[in-house]
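Single-letter residue listing:
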Amino acid sequence: MSVKRVAIFYENIQPLNLKKSHLKSNVISLITNEKKITGEISVILCSDEHVLEINKKYLKHNYYTDIITFNYVAENTISGDLFISIDRVKENAKEFNTNWIEELYRVVFHGILHLIGYNDKTEDEKKTMREKENFYLDKVEFSRIEK
């Protein structure tokens, strides 16, 4: 039996007006729909600077990004750490003319899809990844999130 634990943390930012239970249940639904088992997943919401620090330290990259995913998947049990820059999420939301909550869900789903095994290196992989993100975003009842 799996632990099914999705935890959301804040690192060096103020807590956001976010309905954690809604996000967690949508992550578990995505994993279940992909015929995988939910293990230990940490979603760490933080600043640009924190993600940049991690990017430099662990990946030797010196640039900002919206998400860094650490994969701890074992067989069909999906586990990992998702470090997400809320600064990037909010900038992306403005750029793509969407709500920052919806953009946050897209980024979280993107990280989970990576843990499941989807990649986005080639154009075909990027297309498949975007289709999967959109498929799962369409299932989210954003109206159920308290504003």
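The coordinates are above.
Residues numbered from 1 in each chain as written. Predicted model: local features only at pLDDT ≥ 70, side-chain atom pairs only at ≥ 80, totals over all residues. Heavy atoms only, no water.

Help me understand the environment of R88, please; the structure alone is not making it clear to me.
Residue position: R88 is located in helix 3 (residues 86-95). Take R88: its relative accessible area is 24%, and that puts it in the partly exposed class. Once residues lying within four places of it in the same chain are set aside, the contact partners of R88 are D48, Y64, T65 and D66. A distance of 2.8 Å separates polar atoms of two side chains, one belonging to R88 and the other to D48. (Helix = DSSP H or I, 4+ residues; strand = E, 2+ residues; numbered from the N terminus. Buried < 20%, exposed > 50% of the residue type's maximum accessible area, 1.4 Å probe, protein only. Contact = heavy atoms within 4.5 Å. Polar contact = N/O pair within 3.5 Å; in protein donor to acceptor, adjacent residues only side chain to side chain.)

It is not clear to me how the packing of aromatic side chains should be interpreted in this structure. Could you clarify?
The relation between two aromatic rings is expressed through the spacing of the ring centres and the mutual angle of the planes. All chains considered together, the criterion is met by five aromatic pairs. Here F70 and F83 contribute two aromatic rings whose centre-to-centre distance is 5.8 Å and whose plane-to-plane angle is 85 degrees, an arrangement assigned as edge-to-face. Of this pair, F70 sits in strand 3 (residues 67-71) while F83 sits in strand 4 (residues 77-85); the two residues are 13 residues apart in sequence, bridging distant segments of the chain. Judged by its relative accessible area of 17%, F70 is buried. Here F83 falls in the buried class, since its relative accessible area comes to 14%. On the numbers, 5.2 Å between centres and 70 degrees between planes, the contact of Y105 with F142 is edge-to-face. (Phe/Tyr/Trp six-rings, centres within 6.5 Å; stacked < 30°, edge-to-face > 60°.)

Where do I start with the layout of surface pockets in this structure?
A water-sized probe rolled over the atoms picks out the places where empty space is left. Each pocket or cavity is described by its volume, and for the largest pocket that value is around 830 Å³. In this structure, the largest pocket is lined by 25 residues; those nearest its centre are D66, I67, H110, H114 and D120. If you list the elements that add at least two residues to the lining of the largest pocket, you get strand 3, helix 4 (100-116) and helix 5 (123-139). At seven residues, the largest contribution of residues to the lining of the largest pocket is made by helix 4. Looking at the lining of the largest pocket residue by residue, the class counts come to eight nonpolar, eight polar and nine charged. (1 Å grid on protein atoms, 1.4 Å probe; cavity = no way out; pocket = protein on both sides within 12 Å on 5 of 7 lines; lining within 4 Å. Points joined across faces, edges and corners; volume = space filled by probe spheres on them. Nonpolar A, V, L, I, M, F, W, Y, C, P; charged D, E, K, R; others polar.)

In this structure, what is going on with the sheet that holds strand 1 (residues 5-11)? I would like to understand it.
Pairing is mixed in the open sheet, where four strands are placed in the order 1-2-4-3. Of all the strands in the sheet, the pair left with one neighbour each is strand 1 and strand 3. This sheet shows a mean twist of 15 degrees between the axes of neighbouring strands, independent of strand direction. Pairing analysis gives eight bridges linking strand 2 (residues 37-46) to strand 4, with the strands arranged parallel. Looking at strand 4, one finds that C46 is bridged to S85. The strands that helix 4 touches are strand 2, strand 3 and strand 4; relative to strand 4, the one it contacts most, it runs at about 140 degrees. (Pairing = 2+ DSSP bridges. Axes fitted to C-alpha atoms, helices over the stretch in contact; angles between N-to-C directions.)

Sorry, what's going on with the pattern of salt bridges here?
It is possible for side chains of opposite charge to pair when their charged atoms get near one another. Counted under the stated rule, the structure contains seven salt bridges. E34 is the partner of K132 in a salt bridge, and the nearest nitrogen-oxygen pair spans 2.9 Å. In this pair, K132 sits in helix 5 while E34 sits in the loop between helix 1 (20-33) and strand 2, placing the two residues 98 residues apart along the sequence. (Salt bridge = Lys/Arg side-chain N within 4 Å of Asp/Glu carboxyl O.)

Is there a simple way to explain the nonpolar core in this structure?
What tends to happen in soluble globular proteins is that the nonpolar side chains get buried as a cluster. In this structure, I41, L45, I84, Y105, V108 and I112 are the most contacted members of the largest nonpolar core, which totals 33 residues. Put simply, the parts of the chain that give this core at least two residues each are strand 1, helix 1, strand 2, strand 4, helix 3, helix 4 and helix 5. Looking at which element gives the most residues to this core, the answer is helix 4, with 10 residues. Once residues lying within four places of it in the same chain are set aside, the contact partners of I84 are V43, I44, L45, C46, V51, D66, I67, V89, L104, V107 and V108. (Core = buried A, V, L, I, M, F, W, Y, C linked by side-chain atoms within 4.5 Å.)

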